[in-house]
Every structure is written in structure tokens, then in C-alpha cells.
Amino acid sequence: RAKHEGRNTYRLYQADIDRKARDQLSMETALRNAVETGEGLYMAYQPLVRRDNKQLISAEALARWDHPEHGPILPGKFITLAESSGLILPLGKRVIDLVLEDMARWRGAGKKLVPIAINLSAAQFWQPDFVATIKQKLHDNDIPASLITFELTESILLNRQADGTALLQQLRELGCGIALDDFGTGYSSLSYLHNIPAHSLKIDRSFIEALDHEENNSRTIVAAISSLARELGLKVVAEGVETEQQWHLLGNYAIDFIQGYLIAKPQPQGQFAEHLSAR
Ligand code: C2E
Ligand code: MG
Ligand code: MG
Ligand code: MG
């Protein structure tokens, strides 16, 4: 009897694993189709504002995907899937094209453009022709490089600091901005931070969230990151600001720029365009 049950349990697990594998594969097929046709893919834009007066400074472009049957899938899932299945390069290209398309549309509607930040995955950043491709696309779309910032995490540079720094330097010379994303979570190495030619540093949302709970060290950490960044000549952005209390505390720590649901959630291009002033 025990043997019988054991076998049933095994069958149950196996069925579970088979189903998961099938789901994964069909999700990958759907994503491949979306990347090829562009169907269901679009960008959402989240304002980045000055902390003191909440004035719009720039925005971050965040990829969105509506699955034909399952509806919206979060980037946490489909970007990860794209990275593990080799789809990230064509998806990354789509993302850049979508952003440039949206910017051209806003300009056509008489809006004054603000800089837009694009998130990069490691594979994209390390493509041999990445900088040349960006240069070409900016030229083709008549968008000044100064209106594009690239966000990347320090982990992308891990083990290849010298090469990575040189690549960032090329993007910088092109005129693009460089932001270090999710700062404080990865393999932050303070010893080489001063070598990274970044313009700004974004303090990870986990530290901002923890500000509301006085019992931990998050306030000390945020204050320390802020003063370190300042010393290194980097602008500091706090990510994921959700409460008035966080907003207030960040003022004490000399944080000049913020992003978060307290100000605005990521929005489709049409809605975001309403924040842009007329040229
Ligand atoms: P990220 O670059 O750190 O983006 C910030 C994430 O935090 C976004 O999640 C944003 O919607 C969310 N967020 C912003 N403010 C708040 C807040 O106040 N509270 C909370 N709870 N969340 C907030 P999203 O859009 O789901 O993106 C997740 C991650 O996926 C991004 O993290 C980024 O690493 C990646 N990603 C998104 N779009 C792209 C893309 O086009 N290319 C690449 N390579 N990665 C992308
Ligand atoms: Mg980002
Ligand atoms: Mg981030
Ligand atoms: Mg992130």
C-alpha cells in the first residue's frame, strides 16, 4: 500500500514538473512571437522628479508585455525569461526602438522632450557593436544622445571592470547618461566605484522601503550612500518612494531626486506625455 502511494506521489510530482516545463516553453514561444512581431510589447514611463518641488526631470522606460491569453506579465518574469532564452538581444532592440518611436511621437506633438532612461541587461551591454548601434539609431531618429540615459547594475561590470569602464566611457563620450541601478544590493565594490564613469546612482528600493521602520540601519545606510555619491560627484536618486515619511527623511539625507508611487506609477506613453510641457 505504501509502495502504491509512493508511486502516486511520484506521478503527481512528475505531472507537476511536466506541466511547469510545458508552461515555460509555451511562455517562451509566446514571448518569441511578441519580440518578432512587436505585438503586445510597449513601454511604460515612470517620472523622476526633484525631491523638493517634485518637478519632472526625466523618466525611466519600463518594458511591458501583454500576453495574448494571460494578459500583462511582469518584467521580473519575462525579462528573466528573455535573458535565459537568448531573446534578450532582440527584445532589447525592440525596447530601444519603442523608446525612440515614443520620443519622436511626443516631439511631433509639440512637446519638450526630457531625458529617458533605458534599462540594460548584461548581454546587451556586452554586444560588440552596442555603442555603434546606439549611435546609428540616435542619428536615424534625430534624437540627441543627451536625451538618453542607460541604467545598469554593477553586477554587469563584475569580473570585467576595465572593459566595462571603457565601454561606459564610450557611451559617455557619445553624450549619453549612465546610471547605476539598484545600488547597494549587488556586489557593490566601493574600491572601484570612483572608476565607473557614471552620472548618477539609484539607491535600491529595499533601503527606501526600510526607512519607515526605525529599528534597522537603513537610515544610516541611505545617509552614507548619499554622502559617498556626493563626494564622487554622482547625482543620487532614491527609487521606490511610497510614503510622505520617506519623502521627508530623504530631504535630511540630501537626496535631490526621487522616483516612486508617491509621485507617479509607470504610465503608458500617452498618459506620460501629459506631464511634458509644450515646446
Ligand atoms: P528597475 O530598473 O529597478 O525598475 C524599477 C522597478 O520598480 C519597476 O518595476 C517599477 O515599476 C518599480 N517601482 C517604481 N516605483 C515603485 C514604488 O514606489 N513601489 C514599488 N513597489 N515598486 C516601484 P518593473 O517595471 O516591474 O520592472 C522590474 C525590473 O525589470 C526593472 O527594475 C528592470 O531591472 C527590469 N526591466 C524593466 N524594463 C526593462 C527593459 O526594458 N530592459 C531590461 N533589460 N530590463 C528591464
Ligand atoms: Mg532601472
Ligand atoms: Mg532599480
Ligand atoms: Mg531592479
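The structure under discussion appears in the preceding block.
As the structure is a computational prediction, the values presented were derived from the model and not from experiment.

Caption draft 1: Quick look at the coordination of the magnesium ion (ligand 2). Ligation of the magnesium ion (ligand 2) by protein atoms is provided by Glu60 (OE), Asn119 (OD1), Glu151 (OE) and Asp181 (OD), these donors lying 2.0 to 2.2 Å from the ion. All donors of the magnesium ion (ligand 2) belong to a single chain; written as a sequence motif, their spacing is E-x58-N-x31-E-x29-D. The metal-metal distance between the magnesium ion (ligand 2) and the magnesium ion (ligand 3) is 3.9 Å, with aspartate 181 serving as a donor to both. Linking glutamate 60 in strand β2 (residues 56-67) with asparagine 119 in strand β4 (residues 116-119), this pair joins segments that are 59 residues apart in sequence. A residue is classified by how much of its surface remains accessible, and asparagine 119, at 26% relative accessible area, is partly exposed.

Caption draft 2: Geometry of the packing of aromatic side chains. Under the definition given, this model contains 6 aromatic pairs. Arranged with centres 4.9 Å apart and planes meeting at 75 degrees, the rings of tyrosine 45 and tryptophan 106 form a pair that is edge-to-face. Here tryptophan 106 lies in helix α3 (residues 88-108) and tyrosine 45 lies in strand β1 (residues 41-50), a separation of 61 residues in the sequence. Across this residue pair, the class does not change: tyrosine 45 and tryptophan 106 are buried. The structure contains a cluster of three or more aromatic residues connected by ring pairs, namely Tyr45, Trp106 and Phe272. Across from the ring centre of tryptophan 247, 4.4 Å away, lies the NZ or CZ of arginine 51, which sits over that ring. Sitting over the ring of tyrosine 261, lysine 265 keeps its end group 4.7 Å from the ring centre.

Caption draft 3: How the structure looks around the coordination of the magnesium ion (ligand 3). Taken together, the protein donors to the magnesium ion (ligand 3) comprise Asp181 (OD), Asp182 (OD), Glu239 (OE) and Glu239 (OE), at separations of 2.1 to 2.5 Å. Within one chain, the residues donating to the magnesium ion (ligand 3) are spaced in sequence as D-D-x56-E. Here aspartate 182 falls in the partly exposed class, since its relative accessible area comes to 27%.

Caption draft 4: Highlighting unusual backbone geometry. For aspartate 142, which is not a glycine, the phi torsion comes out positive at approximately 55 degrees. Here aspartate 142 shows up in the loop between α5 (130-141) and β5 (148-152). Within the chain, alanine 254 stands out as a residue other than glycine whose phi angle is a positive 60 degrees. Note on placement: alanine 254 falls in the loop between α10 (244-252) and β9 (257-258).

Caption draft 5: Quick peek at the site of ligand 1. Near ligand 1 lie 23 residues; those nearest to it are Asn119, Ser121, Asp181, Glu242 and Tyr261. Between glutamate 60 and ligand 1, the recorded distance is 2.9 Å, taken from a side-chain N or O atom to an oxygen atom. The separation between an oxygen atom of ligand 1 and a polar side-chain atom of aspartate 181 is 2.9 Å. Here ligand 1 loses 82% of its free accessible area of 800 Å² to cover by the protein chains. Going through the elements one at a time, β1, β2, α2 (75-85) and β6 (177-183) are the ones with two or more residues in the shell around ligand 1. With 4 residues, the top contributor of residues to the shell around ligand 1 is β2. Taken together, the residues of the shell around ligand 1 break down into 10 nonpolar, 6 polar and 7 charged.

Caption draft 6: Representation of the pattern of salt bridges. What the rule picks out here adds up to 12 salt bridges. In this structure, the salt-bridge partner of glutamate 60 is lysine 202, at a minimum N-O distance of 2.9 Å. On the criterion of sequence distance, the pair formed by glutamate 60 in strand β2 and lysine 202 in strand β7 (residues 200-203) is long-range, its members being 142 residues apart. Per residue, the accessibility class of glutamate 60 equals that of lysine 202, and both read buried. Aspartate 163 serves as the salt-bridge partner of arginine 160, at 3.7 Å between the closest nitrogen and oxygen. What emerges from the salt-bridge pattern is a single network uniting Asp16, Arg19, Lys20 and Asp23.

Conventions used here
Residues numbered from 1 in each chain as written. Chains lettered and ligands numbered in written order. Predicted model: local features only at pLDDT ≥ 70, side-chain atom pairs only at ≥ 80, totals over all residues. Heavy atoms only, no water. Donors = N, O, S within 2.8 Å, 3.2 Å for Na, K, Ca; no water. Helix = DSSP H or I, 4+ residues; strand = E, 2+ residues; numbered from the N terminus. Buried < 20%, exposed > 50% of the residue type's maximum accessible area, 1.4 Å probe, protein only. Phe/Tyr/Trp six-rings, centres within 6.5 Å; stacked < 30°, edge-to-face > 60°. Lys NZ or Arg CZ within 6 Å of the ring centre and 35° of its normal. Near = heavy atom within 4 Å. Polar contact = N/O pair within 3.5 Å; in protein donor to acceptor, adjacent residues only side chain to side chain. Areas by Shrake-Rupley, 256 points an atom, 1.4 Å probe, with all protein chains shown as cover. Nonpolar A, V, L, I, M, F, W, Y, C, P; charged D, E, K, R; others polar. Salt bridge = Lys/Arg side-chain N within 4 Å of Asp/Glu carboxyl O.

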